[in-house]
Every structure is written in structure tokens, then in C-alpha cells.
Amino acid sequence: MKSFLFVTDLDNTLVGESRALAVLNEKLKQHREEHGTKIVYATGRSPILFAELQNEQQLLEPDALIASVGTEIYFKGSNTSDRTWSDKLSHQWNRDTVVAATAHFADLVMQPDSEQRPYKVSFWLTEDSAQEVLPQLKSLLQQQGLDTKLIYSAGVDLDILPRHGDKGLAVQYLRSLWGIDATQSVVCGDSGNDISLFSYNEERGIIVGNAKSELLQWHNENPANYHYLAQAFCAGGILEGLNHFGFIA
Ligand code: GLC
Ligand code: MG
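Residues numbered from 1 in each chain as written. Chains lettered and ligands numbered in written order. Predicted model: local features only at pLDDT ≥ 70, side-chain atom pairs only at ≥ 80, totals over all residues. Heavy atoms only, no water.

Examining the packing of helix H3 (residues 83–90) against helix H6 (residues 167–178)
Cut-off, in case you're wondering: For helices, the fitted line uses only the C-alpha atoms of the stretch in contact; every axis is such a line through C-alpha atoms, and the angle between N-to-C directions lies from 0 to 180 degrees. A run of DSSP states H or I qualifies as a helix once it reaches four residues; a run of E qualifies as a strand once it reaches two. Both are numbered from the N-terminal end. To sort the angles, those under 35 degrees are grouped as roughly parallel, those over 145 as roughly antiparallel, those from 65 to 115 as roughly perpendicular, and the leftovers as oblique. The handedness criterion is simple: a crossing whose near helix is rotated anticlockwise from the far helix by less than a right angle is left-handed, and one whose near helix is rotated clockwise is right-handed. Two residues form a contact once any of their heavy atoms are found within 4.5 Å.
Relative orientation of the contacting elements H3 and H6 amounts to 135 degrees, with a least axis distance of 12 Å. Relative to H6, the element H3 lies oblique. In terms of crossing hand, the pair formed by H3 and H6 is right-handed. Where H3 abuts H6, its residues Thr84, Trp85 and Lys88 lie against Leu169, Ala170 and Tyr173.

Next up, the structure:
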């Protein structure tokens, strides 16, 4: 068995099936100890909501935490987000102007303060409103010369991020820092903010059995033999996929 880079989303991907999670944790822990496998969480949560999840669930300490939909990276043992990464995101990003532009849309409901981050502005938006609002918001942001990326997940969450920030780009950054090939990496997800994980390179991908329609639709439109659609849900699906790719036995 060789070391690999293990990257997983948390809510409804790693977390959700506690029995399977316990089994997976044990295997990953052992793999890290024996082979130096790296464990990375890639979550939409801010570090504040990540800490809440850590209190509620049995989670291994990751080698790095990609938080706030890829806009913050925390290495093991550090409480400050990586400067090299945040400097990349600050390019052509003006948070105040983004917030001002969103004020034109009554359907956008601000998420709690904890989820408003230096490089992430987040709202709740219903699926019905999204059809109309998203294209309009996109063109308004463009007109104002704002280089942003809109990510809509699970029919409810809208994140506005800098063009150069998302979970997938954060993984590319970590891979090059650690010198790990895409083919020795595996990424796991269930919803819209995970699509970028599967998009940039040939990382092996596991889509858990309970994935949301936007990710399943993306997968249908972008088939790749290095992406695996699991039957089982959450950590059960991850175990299934890791076996499929031969990362664990
Ligand atoms: C997490 C974050 C939220 C974000 C969502 C989708 O729930 O807390 O701010 O909108 O992920 O990315
Ligand atoms: Mg999720």
C-alpha cells in the first residue's frame, strides 16, 4: 500500500453515517501512521462551524483544513489561515462592492455572521428564486468588473467567492506544495460546492450515494473513468470508493 492524499467534504460526505465513519477513521488513521497518507477536510463551513462539528463528531485531526469553500487553508497546528493562499485570492476581490451589489436582490437572505468571511459572502436562496436571481446577479457582478464565482449548493446555499478560490483550486495548491500527483489523490463530495474538487485534474473522485442532484447532473454531463459513483451513503460510500480505486484494502 502506498501513501495517498485523501480529501473529503464533511457534511453529508464524511459525516452522516456514524458506524461507517468509525470504520473509515480507523483505516485512515492507520494508513497515515504506516504510510504517511495525508488527510484533508474541504468544507463549506467557517473555522467556527468546523469547531462545532468537531465537538459533535469523532473526527481525526486533519493535516490541513480547507475551510469556507476553499477560501481559507489551515495547516495542522496553526490557527491562522495560510497567507500565500489568501494573497492569491485577494487579487481583484473587493468584498464591500460584492456586498453592495447583492443588496439589489430581495430574495437573497444573508447567512449568519460566522459564515461571512474575508473571501466569501454567503446567502440562502430558494431554488425557485435561484433560477431568476443567479443569472441577474452574475451579470451585475460582471458589469461592475468584479471577478467572482457563484456557487449554489443543495438548493439553498449561495456562496460568492473570488475567481481564484474554491475547494478544487485549494487542493491543487496543496498537491503542488506537498508534491503529490493527482493520480495518488482522492477527493470525495456530495453537493455543488464539491464540483470543483472533481473539475481541475485527474484526482480520483468519489461521489457518495446520497449526492445532491446538482453534483449528479454535473457527473452525468462530465463523465470520467476516474470518478466513482458509490452506492453507499456518506462514509460508507467513501470506503466503497477507496476500495474501488485500490487505495485501501
Ligand atoms: C456550509 C457553510 C455555508 C455555505 C455552505 C455551502 O454550510 O457554512 O456558509 O454556504 O456550506 O457551501
Ligand atoms: Mg457536503
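Topic: the coordination of the magnesium ion (ligand 2)
Going by this rule: Ligating atoms shown are N, O and S within 2.8 Å of the metal, or 3.2 Å for Na, K and Ca, and water is not included, meaning a site may look less than complete. Burial status follows relative accessibility: with a 1.4 Å probe on protein chains alone, a residue under 20% of its type maximum counts as buried, one over 50% as exposed, and anything between as partly exposed.
Coordination of the magnesium ion (ligand 2) by the protein is provided by Asp9 (OD), Asp11 (O) and Asp190 (OD), with metal-donor distances spanning 2.1 to 2.3 Å. Overall, Asp9 belongs to the buried group, its relative accessible area being 4%.

What about the domain arrangement of the protein?
Condition: All the domain ranges listed were derived from an automatic or database domain assignment. A pair is scored as a salt bridge if a Lys or Arg side-chain nitrogen falls within 4 Å of a carboxyl oxygen belonging to Asp or Glu. Two N or O atoms count as a polar contact when they lie within 3.5 Å, although within protein this holds only if one can serve as hydrogen donor and the other as acceptor, and sequence-adjacent residues are included solely when both atoms are side-chain atoms.
With domains assigned, the protein is organised as domain 1 (5–87 + 165–245) and domain 2 (92–162). Between domain 1 and domain 2, the C-alpha centre-to-centre distance is 24 Å. Across the contact, 21 residues belong to domain 1 and 14 residues belong to domain 2. The interface formed by domain 1 and domain 2 holds two salt bridges in total. Linking domain 1 with domain 2 are eight residue pairs in polar contact (both at pLDDT 80 or more). If you list the elements that add at least two residues to the side of domain 1 that touches domain 2, you get helix H2 (47–56) and strand S4 (72–75). Broken down by element, the side of domain 1 that touches domain 2 gets its largest block of residues, three residues, from H2.

Overview of the side chain of Asn193
Of note, Asn193 is situated in the loop between strand S9 (185–189) and strand S10 (204–207). At 3.1 Å, the side chain of Asn193 and the side chain of Lys167 are in polar contact.

Let's talk about the nonpolar core
So the rule is basically this: For this analysis, a nonpolar core means a set of buried residues of the types Ala, Val, Leu, Ile, Met, Phe, Trp, Tyr and Cys, connected via side-chain atoms within 4.5 Å.
In this structure, Val7, Ile66, Leu108, Leu125 and Leu158 are the most contacted members of the largest nonpolar core, which totals 41 residues. Counting only domains with at least three residues in this core, you end up with domain 1 (5–87 + 165–245) and domain 2 (92–162). Setting aside residues no more than four positions away along its own chain, Val7 makes contact with Val40, Ala42, Val171, Val186, Val187, Cys188 and Leu197.

Focus: the pairing of S9
Here is the rule: Each pair of strands is called paired provided DSSP finds at least two bridges between the two strands.
Most of S9 is tucked away: five of the five residues are buried. The alternating pattern of S9 places Ser185, Val187 and Gly189 and Val186 and Cys188 on opposite faces, both of which are buried. With four bridges joining them, strand S1 (residues 5–8) and S9 adopt parallel strand pairing. Considered in S9, the bridge of Phe6 is made with Val186.

Remarks on the site of ligand 1
As a reminder of what qualifies: Whether a residue is near a molecule or strand depends on its heavy atoms: if one lies within 4 Å, it is near. The Shrake-Rupley method, run with a 1.4 Å probe sphere, supplies the accessible areas, and residue values consider only the shown protein chains as cover. Any residue that is not Ala, Val, Leu, Ile, Met, Phe, Trp, Tyr, Cys, Pro, Asp, Glu, Lys or Arg is counted as polar, Gly included; the first ten are nonpolar and the last four charged.
Neighbouring residues of ligand 1: Gly44, Arg45, Leu49, Val69, Gln111, Glu115, Lys120, Ser122, Asp157, Asp159 and Asn193. At 2.5 Å from an oxygen atom of ligand 1 is found a side-chain nitrogen or oxygen belonging to Gln111. One nitrogen or oxygen atom from the side chain of Lys120 is found 2.8 Å from an oxygen atom belonging to ligand 1. For ligand 1, the protein covers 86% of the area, taking 310 Å² as the surface of the free molecule. Tallied by class, residues from the shell around ligand 1 come to two nonpolar, four polar and five charged.

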